[in-house]
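So the chains spell out like this:
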Amino acid sequence: MSPPDSKANVPERMPIRDVIYIWLAGIFVTSLIVANLIGSKFFFFGEIPLLGYSIPVEHSVGMFAFPVTFLLTDLINEYYGKRGARRITWIGLGMSVYVYLLLWLAREAPAAPPDRTYIDEGMFDAVFGASRWLIVASLTAYLVGQMCDIFLFGVLKKLTRGRMIWLRATGSTVVSQFVDSLVISFVLMSMQPLADGSRASVGFMFETAVKGYALKAIVAVAVTPLIYLG
């Protein structure tokens, strides 16, 4: 009897194309989840003049991580196609829901006595107790914005016959970020009253969305060179 072939038990090496996709997916999901976890804090770096207007540099600190998701969506769309981009979008949505379920379970679990724990329950709830409507608005805006970005990227790629990557990358992101800003503002403010108990008007919702979008648009244009680097 001949000895068994030892090579038969050695797994084949994963193609580099698949390895890169896995790493991009990991960075994508991490950026998305971190952006949602830290998004309740806002920063303010003053105002910048633009086209005769003063634009406040003020937004959620989630902006430090969230633009990475649109950058990666465009890169994946370019090299793995719409199917690859949509797959990573659904993975991000699924993992976000999973994280929030774990956070809900952690908050609902009975707290240990103060002398047997490290963090006060009130402090824990203040950090992780995001509004349920904020969660709904954030995930809804993410899904709509991502699908819009993927669709427009494909349309612009066909119209330019695969040329001018800066146009399809920046163009799709600028439009989809505006959609994202509109959706999150209208969904959140339609479901949840303001701090004084009143309901936001449609005009106030639109104004809030536009202010948030202005900074997103600047970031979208600024990261265009990273598309070429990628």
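The following paragraphs examine the structure supplied in this document. (Residues numbered from 1 in each chain as written. Predicted model: local features only at pLDDT ≥ 70, side-chain atom pairs only at ≥ 80, totals over all residues. Heavy atoms only, no water.)

As for the overall build of the chain
Consideration 1: Along the backbone of the chain there are seven helices and two strands.
Consideration 2: Beginning at the N terminus, the succession of helices and strands in the chain can be written as α-β-β-α-α-α-α-α-α.
Consideration 3: The 230 residues of the chain split such that 35% are buried.
Consideration 4: Within the chain, contacts between residues at least 6 apart in sequence are counted, and of these 68% link residues at least 24 apart.
Consideration 5: Summing over all exposed atoms, the chain offers an accessible surface of approximately 14500 Å²; the carbon and sulfur share of this is 68%. (Helix = DSSP H or I, 4+ residues; strand = E, 2+ residues; numbered from the N terminus. Buried < 20%, exposed > 50% of the residue type's maximum accessible area, 1.4 Å probe, protein only. Contact = heavy atoms within 4.5 Å. Areas by Shrake-Rupley, 256 points an atom, 1.4 Å probe, with all protein chains shown as cover.)

Regarding helix α1 (residues 16-38)
Consideration 1: With 23 residues, α1 extends 33 Å between its outermost C-alpha atoms, agreeing within 8% with the 33 Å of an ideal straight helix rising 1.5 Å per residue.
Consideration 2: All of the buried residues along α1 are Tyr21, Leu24, Ala25, Phe28, Val29, Ser31, Leu32, Ile33, Ala35 and Asn36. (Expected span 1.5 Å × (residues − 1).)

Describing the pattern of salt bridges
Consideration 1: For the coordinates displayed, the defined rule picks out one salt bridge.
Consideration 2: Residues lysine 157 and glutamate 78 are paired through a salt bridge, measuring 3.8 Å at the closest nitrogen-oxygen approach. With a gap of 79 residues between them, lysine 157 in helix α4 (residues 132-159) and glutamate 78 in helix α2 (residues 66-108) connect regions that are remote in the sequence.
Consideration 3: A residue is classified by how much of its surface remains accessible, and glutamate 78, at 18% relative accessible area, is buried. (Salt bridge = Lys/Arg side-chain N within 4 Å of Asp/Glu carboxyl O.)

Re the side chain of aspartate 180
Consideration 1: Counting through the fold element by element, aspartate 180 comes out in helix α5 (residues 165-191).
Consideration 2: Every residue in contact with aspartate 180, bar those within four places of it in the chain, is listed here: Phe66, Ala141, Tyr142 and Lys216.

Thoughts on a nonpolar patch on the surface
Consideration 1: Together, Val34, Leu37, Ile38, Tyr118, Ile119, Met123, Val127 and Phe128 make up an exposed nonpolar region whose accessible area comes to about 790 Å².
Consideration 2: Broken down by secondary-structure element, the contributors of at least two residues to the nonpolar patch are α1 and α3 (121-128).
Consideration 3: Mapped onto the elements, isoleucine 38 comes out in helix α1. (Patch = residues over 30% accessible without salt bridge, like charges linked within 9 Å, V, L, I, M, F, W, Y side chains within 5 Å.)

Here we look at the packing of aromatic side chains
Each aromatic ring pair is described using two quantities: the centre-to-centre distance and the angle formed by the ring planes.
Consideration 1: One pass over the structure, following the stated rule, counts three aromatic pairs.
Consideration 2: Summarising the aromatic geometry, the rings of tyrosine 21 and tyrosine 80 are spaced 5.0 Å apart at their centres and angled 65° between planes, so their arrangement reads as edge-to-face. In this pair, tyrosine 21 is assigned in helix α1 and tyrosine 80 in helix α2, connecting sequence segments 59 residues apart. The pair formed by tyrosine 21 and tyrosine 80 is uniform in burial state, with each residue classed as buried.
Consideration 3: Residues phenylalanine 66 and phenylalanine 70 carry aromatic rings whose centres are separated by 5.3 Å and whose planes lie at 75° to one another, so their mutual orientation is edge-to-face. Here phenylalanine 66 and its partner phenylalanine 70 are both found in helix α2, four residues apart, which amounts to about one turn of the helix. Summarising the burial analysis for this pair, phenylalanine 66 and phenylalanine 70 share the class buried. (Phe/Tyr/Trp six-rings, centres within 6.5 Å; stacked < 30°, edge-to-face > 60°.)

Points about the environment of aspartate 149
Consideration 1: With respect to the helices and strands, the residue aspartate 149 is situated in helix α4.
Consideration 2: In this structure aspartate 149 comes out as buried when scored by relative accessible area, which is 0%.
Consideration 3: Apart from residues lying up to four places away in sequence, aspartate 149 is in contact with Phe70, Thr73, Asp74, Ser172, Thr173 and Ser176.
Consideration 4: Looking at aspartate 149, its side chain comes within polar contact range of the main-chain nitrogen of threonine 173, at 3.4 Å. (Polar contact = N/O pair within 3.5 Å; in protein donor to acceptor, adjacent residues only side chain to side chain.)

Regarding the nonpolar core
Consideration 1: Core analysis: the biggest nonpolar cluster contains 29 residues, and Phe28, Phe66, Ile76, Ile88, Tyr142 and Ile227 have the highest contact counts within it.
Consideration 2: Those elements that provide at least two residues to this core are α1, α2, α4 and α5.
Consideration 3: A per-element tally of this core places α2 first, with 13 residues.
Consideration 4: Residues within four places of isoleucine 76 in sequence aside, it is in contact with Tyr21, Leu24, Gly81, Gly84, Ala85 and Ile88.
Consideration 5: Phe43, Val57, Met63 and Leu215 belong to the second largest nonpolar core, which has five residues in total. (Core = buried A, V, L, I, M, F, W, Y, C linked by side-chain atoms within 4.5 Å.)

Side note on the side chain of serine 96
Consideration 1: Its location among the elements puts serine 96 in helix α2.
Consideration 2: Residues in contact with serine 96, not counting those within four places in the same chain, are Leu32, Ile33, Asn36 and Leu139.

Thoughts on the packing of α1 against α2
The relative placement of two packed helices comes down to the angle between their axes together with the axis-to-axis distance.
Consideration 1: One can describe the packing of α1 onto α2 by two numbers: an axis separation of 7 Å at closest approach and a directional angle of 45°. It follows that α1 is oblique to α2 by the angle criterion. For the pair α1 and α2, the sense of crossing is right-handed.
Consideration 2: Its residues assigned to classes, the contact of α1 with α2 shows 24 nonpolar, seven polar and two charged. (Axes fitted to C-alpha atoms, helices over the stretch in contact; angles between N-to-C directions. Parallel < 35°, antiparallel > 145°, perpendicular 65-115°, else oblique. Left-handed = near helix turned anticlockwise from the far one by under 90°. Nonpolar A, V, L, I, M, F, W, Y, C, P; charged D, E, K, R; others polar.)

From the geometry alone we can't say anything about function, so treat these as descriptive.
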